[in-house]
Amino acid sequence: MMSDALYEVLQLAGILAFAISGALVGVRRRLDLLGVIVVGSFTGVGGGIIRDMLLGVHPPVSFTHWPNLAVAVGGAFAVFFIHPGITRIRYFEVVFDAFGLGLFSANGAVVAFLSGESPLTAILVGTITAIGGGVIRDVLVNTVPGVLTRELYAVSALLGAGIAVGIAALDGSAWLGSLVGGAAAIVLRLTSVARGWHLPKPRFSGPGEDPSADREG
Amino acid sequence: MMSDALYEVLQLAGILAFAISGALVGVRRRLDLLGVIVVGSFTGVGGGIIRDMLLGVHPPVSFTHWPNLAVAVGGAFAVFFIHPGITRIRYFEVVFDAFGLGLFSANGAVVAFLSGESPLTAILVGTITAIGGGVIRDVLVNTVPGVLTRELYAVSALLGAGIAVGIAALDGSAWLGSLVGGAAAIVLRLTSVARGWHLPKPRFSGPGEDPSADREG
Amino acid sequence: MMSDALYEVLQLAGILAFAISGALVGVRRRLDLLGVIVVGSFTGVGGGIIRDMLLGVHPPVSFTHWPNLAVAVGGAFAVFFIHPGITRIRYFEVVFDAFGLGLFSANGAVVAFLSGESPLTAILVGTITAIGGGVIRDVLVNTVPGVLTRELYAVSALLGAGIAVGIAALDGSAWLGSLVGGAAAIVLRLTSVARGWHLPKPRFSGPGEDPSADREG
């Protein structure tokens, strides 16, 4: 599954990007070194573990393919010592999260498709893979996952997975699908953030509740 | 596994009920259209995905059997546009959640039993399946899962799973077990809410903490 | 997998310890009897279920090996009626959590190693198994998991898993590895709490955020 070198690079790049985004959240929450490494590495490899459990790959690749964990732990470790000030940290969180989202959605979809799943199943698996790491990160630090509240987050993952599967289906090239699909997802995600693109919110009488409220009251 | 038409209907009804309950929570939390669809569809298919991962069905049925996801997404989509006012939304949440709980507990238990698990294992799987969707929904929106705090929630799921397995064991009829077991769970759950049936709470000196408090302080 | 009697005892001891720690949290949060049993039993068997899903054991052992669930439910049930006052409950939470952490890290690693995984994979699986139960407990009650914030929590699990695999690799004795590895993890964890050993926290200008803050604001 990891034969292609460029494909492997894209996979590790996604893990690194998510690990960095998770570690940045840990730094902002003032976790200690271990906490930062745990949340960073779980964020980095979490999505892939969910993908493997959905596809029945036991044990998950990240438990047997040491580069995955090494990159995740190394990225989190580095962030602990090298990170921007609190005022700019959120910006970097969004950027690295977007790269992780894009690379994982495309990679996850391609992995599932090449393992014989139908295009629809592959796209779903890729989207879950991409969303999974961020959900683990946000649930661990006790936040409403960004996928529920951020600009076109799930749509970007769906787009990346769809393009990746489409390309892989046409010429069977895993790395090209991952590259183009991932890039498309990253561009859409970052553009939606820059432009503040949001989908409509429900309208009803009464104040409703802020999604950033902790409790259903 | 999906041979019986009525059984399939019950399965989809449970998915729809949970998807609606999840989407209603999303609406109340003022998530945008995508957020409502994500939390709604995860809630709808989440329990079944947990069941399939426990039983080793790869990939989970909801990833390959398109009606499941279509019903979940469609239900959430409809709720976004058609929903009661904020003042009455909680009432509908409880009712649809109860239907999802009942149908999933019975269906999950029957699926596990017919796949060759022991009655005890089947009942446990059914209960986890039923509780799973709601836990995913509540954890996603950052709330203490209702199973820990709501009236006879887990007991209703256990009852539904037990009755369903009992019936399936006697005459091997999956749909009858799902129907009767599911109905029993729904009735017990809704009755416990209407009557405010609660089990005793621990007694000790000191104020203790409110389960609705976010943090352990 | 459960052939050795002493090994089985260690396994059940870990489940009991985690179930007690989960039930104590439930009592402190004033959950009712059912809530206490649910959070307690999920905490007790949760880590093992995660381990089995990672290793592809379907259904998880705790769903088919009734003593596991019996011990978890029984422990939670007992805690509901017999527990210290609110002022001392936290102390007992930490102690029982440490025993669960130690026993699970060693047991999980040994189970994975004896099932043919590489030492590295086995150590990772053991660590995840040990951390899993506590994460489930903390996420259920809507708290930032202790593994992110507590003294040498993950390190203790890694140490226990490493020692257990080392011993099992040398003389193939599962129970000895579980015993020594588990003891080492418990000692390190409790010592780090008693001494307040912490790893350094990130330094940056600005106030940062308290990890115990609920929301990323």
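Residues numbered from 1 in each chain as written. Chains lettered and ligands numbered in written order. Predicted model: local features only at pLDDT ≥ 70, side-chain atom pairs only at ≥ 80, totals over all residues. Heavy atoms only, no water.

Another point: the overall build of chain A. Helix and strand counts for chain A come out as 9 helices and 0 strands. Tracing chain A from N to C terminus, the helices and strands come up as α-α-α-α-α-α-α-α-α. The C-alpha atoms of chain A give 17 Å as radius of gyration, which agrees with the globular expectation for 217 residues (17 Å, within 12%). Along the three orthogonal principal directions, the C-alpha set of chain A runs to about 50 × 45 × 30 Å. (Helix = DSSP H or I, 4+ residues; strand = E, 2+ residues; numbered from the N terminus. Rg over C-alpha atoms; globule rule 2.2 N^0.38 Å.)

Once that is clear, we can look at unusual backbone geometry. Most peptide bonds are trans, and most residues other than glycine sit at a negative phi. Cis geometry marks the peptide bond from His58 of chain B to Pro59 of chain B, where omega comes out at -15°. In this structure, Pro59 of chain B sits in the loop between α2 (33–55) and α3 (61–64). Despite not being glycine, Asn142 of chain A shows a phi value in the positive range, around 65°. With respect to the helices and strands, Asn142 of chain A occurs in the loop between α6 (119–140) and α7 (146–149). Accessibility expressed as a relative area gives 3% for Asn142 of chain A, which makes it buried. (Buried < 20%, exposed > 50% of the residue type's maximum accessible area, 1.4 Å probe, protein only.)

The next subject is the UniProt feature "transmembrane region" (unreviewed entry) in chain A. Residue and element names in this part refer to chain A. Here the UniProt-annotated "transmembrane region" (unreviewed entry) positions come out as residues 6–26, 33–51, 63–82, 94–114, 120–140, 152–169 and 175–194. For the annotated span residues 33–51, helix accounts for 100% and strand for 0% of the residues, and the straight-line distance between the end C-alpha atoms is 28 Å. Segment residues 94–114 splits into 100% helix and 0% strand. End C-alpha atoms: 30 Å apart. (UniProt positions renumbered as here; feature names shortened; annotations may be inferred.)

According to the stated counting rule, one finds 12 aromatic pairs over all chains in the structure shown. Within the aromatic cluster, the residues linked to one another by ring pairs are Phe77, Phe80 and Phe81 of chain A. (Phe/Tyr/Trp six-rings, centres within 6.5 Å; stacked < 30°, edge-to-face > 60°.)

What follows concerns the nonpolar core. Within soluble globular proteins, side chains that are nonpolar generally end up buried alongside one another. Residues Val147 and Leu148 of chain A, Val147 and Leu148 of chain B together with Val147 and Leu148 of chain C are the most contacted members of the largest nonpolar core, which totals 172 residues. Once residues within four sequence positions are removed from consideration, Val147 of chain B is found in contact with Ile131, Val135, Tyr153 and Ala154 of chain B together with Val38 of chain C. (Core = buried A, V, L, I, M, F, W, Y, C linked by side-chain atoms within 4.5 Å. Contact = heavy atoms within 4.5 Å.)

Residues and elements named next belong to chain A. One pass over the full model with this rule turns up 15 salt bridges over all chains. With a closest N to O distance of 2.9 Å, Arg137 and Asp97 form a salt bridge. Of this pair, Arg137 sits in helix α6 while Asp97 sits in helix α5 (residues 86–114); the two residues are 40 residues apart in sequence, bridging distant segments of the chain. Of the residues examined, Arg137 reaches a relative accessible area of 2% and is grouped as buried. Classification of Asp97 as buried rests on a relative accessible area of 1%. Three or more residues joined by partner-sharing salt bridges are found here, namely Asp97, Arg137, Asp138 and Arg150. (Salt bridge = Lys/Arg side-chain N within 4 Å of Asp/Glu carboxyl O.)

Once that is clear, we can look at the environment of Val147 of chain B. All names here are of chain B. For Val147, the location among the structural elements is in helix α7 (residues 146–149). Looking at Val147, the relative accessible area reads 4%, which means it is buried. When the C-alpha atoms of Val147 and Trp197 are compared, they prove to be 14 Å apart, with 50 residues separating the residues in sequence.

All names here are of chain B. Here helix α1 (residues 5–28) crosses helix α9 (residues 174–195) at 35°, and the two axes come no closer than 8 Å. Of the two elements, α1 crosses α9, and the hand of that crossing is left-handed. Across the interface between the two elements, Leu6, Tyr7 and Leu10 from α1 touch Ala174, Trp175, Ser178 and Leu179 from α9. Of the residues in the contact of α1 with α9, the class split is 6 nonpolar, 1 polar and no charged. (Axes fitted to C-alpha atoms, helices over the stretch in contact; angles between N-to-C directions. Left-handed = near helix turned anticlockwise from the far one by under 90°. Nonpolar A, V, L, I, M, F, W, Y, C, P; charged D, E, K, R; others polar.)

All names here are of chain A. The feature "domain: Glycine transporter" (unreviewed entry), as annotated in UniProt, sits at residues 9–83 and 95–167 in this numbering. End C-alpha to end C-alpha, residues 9–83 measures 24 Å, and it is 84% helix and 0% strand. Secondary structure within residues 95–167 divides into 84% helix and 0% strand; the distance between the first and last C-alpha atoms comes to 25 Å.

All names here are of chain A. For Ala98, the position within the fold is in helix α5. In the structure, Ala98 is positioned 95 residues away from Val193 in sequence and 9.9 Å away in space, judged by C-alpha atoms. With residues near it in sequence (within four places) discarded, Ala98 still touches Ile186, Arg189 and Leu190.

All names here are of chain A. Between helix α1 (residues 5–28) and α5, whose axes approach to 7 Å, the crossing angle comes to 145°. α5 is crossed by α1, and the crossing has left-handed handedness. In terms of residue class, the contact of α1 with α5 is made up of 20 nonpolar, 5 polar and 4 charged.

To continue, consider helix α8 (residues 153–171) of chain C. The terminal C-alpha atoms of α8 of chain C, which comprises 19 residues, lie 28 Å apart, in line with the 27 Å expected from a rise of 1.5 Å per residue. Buried within α8 of chain C are the following residues: Tyr153, Ala154, Ser156, Ala157, Gly160, Ala161, Ala164, Val165, Ile167 and Ala168 of chain C. The inward-facing, buried residues of α8 of chain C abut α2 (33–55) of chain A together with α1 (5–28), α5 (86–114), α6 (119–140), α7 (146–149) and α9 (174–195) of chain C. Just past α8 of chain C, the residue Gly172 of chain C takes up positive phi, approximately 65°. (Expected span 1.5 Å × (residues − 1).)

If you trace the backbone, Thr121 of chain C turns up in helix α6. Setting aside anything within four residues of it in sequence, one finds Thr121 of chain C in contact with Pro59, Phe63 and Thr64 of chain A.

Attention now goes to a nonpolar patch on the surface. All names here are of chain A. Among the surface-exposed residues, Leu6, Val9, Trp175, Leu179 and Val180 lie close enough to one another that they form a single nonpolar patch of about 380 Å² accessible area. Looking at the nonpolar patch, the elements that each hand over two or more residues are α1 and α9 (174–195). By residue number, the principal contributor to the nonpolar patch is α9, which donates 3 residues. When you line up the elements, Leu179 lands in helix α9. (Patch = residues over 30% accessible without salt bridge, like charges linked within 9 Å, V, L, I, M, F, W, Y side chains within 5 Å. Areas by Shrake-Rupley, 256 points an atom, 1.4 Å probe, with all protein chains shown as cover.)

Below, the discussion takes up the confidence of the model for chain A. When pLDDT is low, close inspection of the predicted coordinates is not appropriate. Residue and element names in this part refer to chain A. Per-residue confidence for chain A averages 85 on the pLDDT scale, and 92% of its residues sit at or above 70. The least confident element of chain A, judged by mean pLDDT, is α7 at 81; the most confident is helix α4 (residues 66–81) at 93. Across residues 208–217, confidence stays below pLDDT 50; counting only partners more than four residues off in sequence or on other chains, it has 42 contacts. (pLDDT = per-residue confidence, 0-100.)

A separate point is α9 of chain A. Residue and element names in this part refer to chain A. Taking 1.5 Å per residue as the helical rise, α9 with its 22 residues ought to reach 32 Å, and the 31 Å between its terminal C-alpha atoms agrees with that figure. Taken together, the buried positions of α9 are occupied by Ala174, Gly177, Ser178, Gly181, Gly182, Ala184, Ala185, Ile186, Leu188, Arg189 and Ser192. On the buried face of α9, the contacting elements are α1, α5 and α8 (153–171). Of the residues flanking the start of α9, the one acting as N-cap is Ser173, its side-chain oxygen 3.2 Å from the backbone nitrogen of Leu176. Remark: Gly196 follows α9 within two positions and exhibits a positive phi of approximately 65°. (Polar contact = N/O pair within 3.5 Å; in protein donor to acceptor, adjacent residues only side chain to side chain.)

Before going further, it helps to spend a moment on the side chain of Thr143 of chain C. Residues and elements named next belong to chain C. Topologically, Thr143 is positioned in the loop between α6 and α7. For Thr143, a relative accessible area of 8% gives the class buried. Here Val141 takes part through its backbone oxygen, which lies 3.5 Å from a polar atom of the side chain of Thr143.

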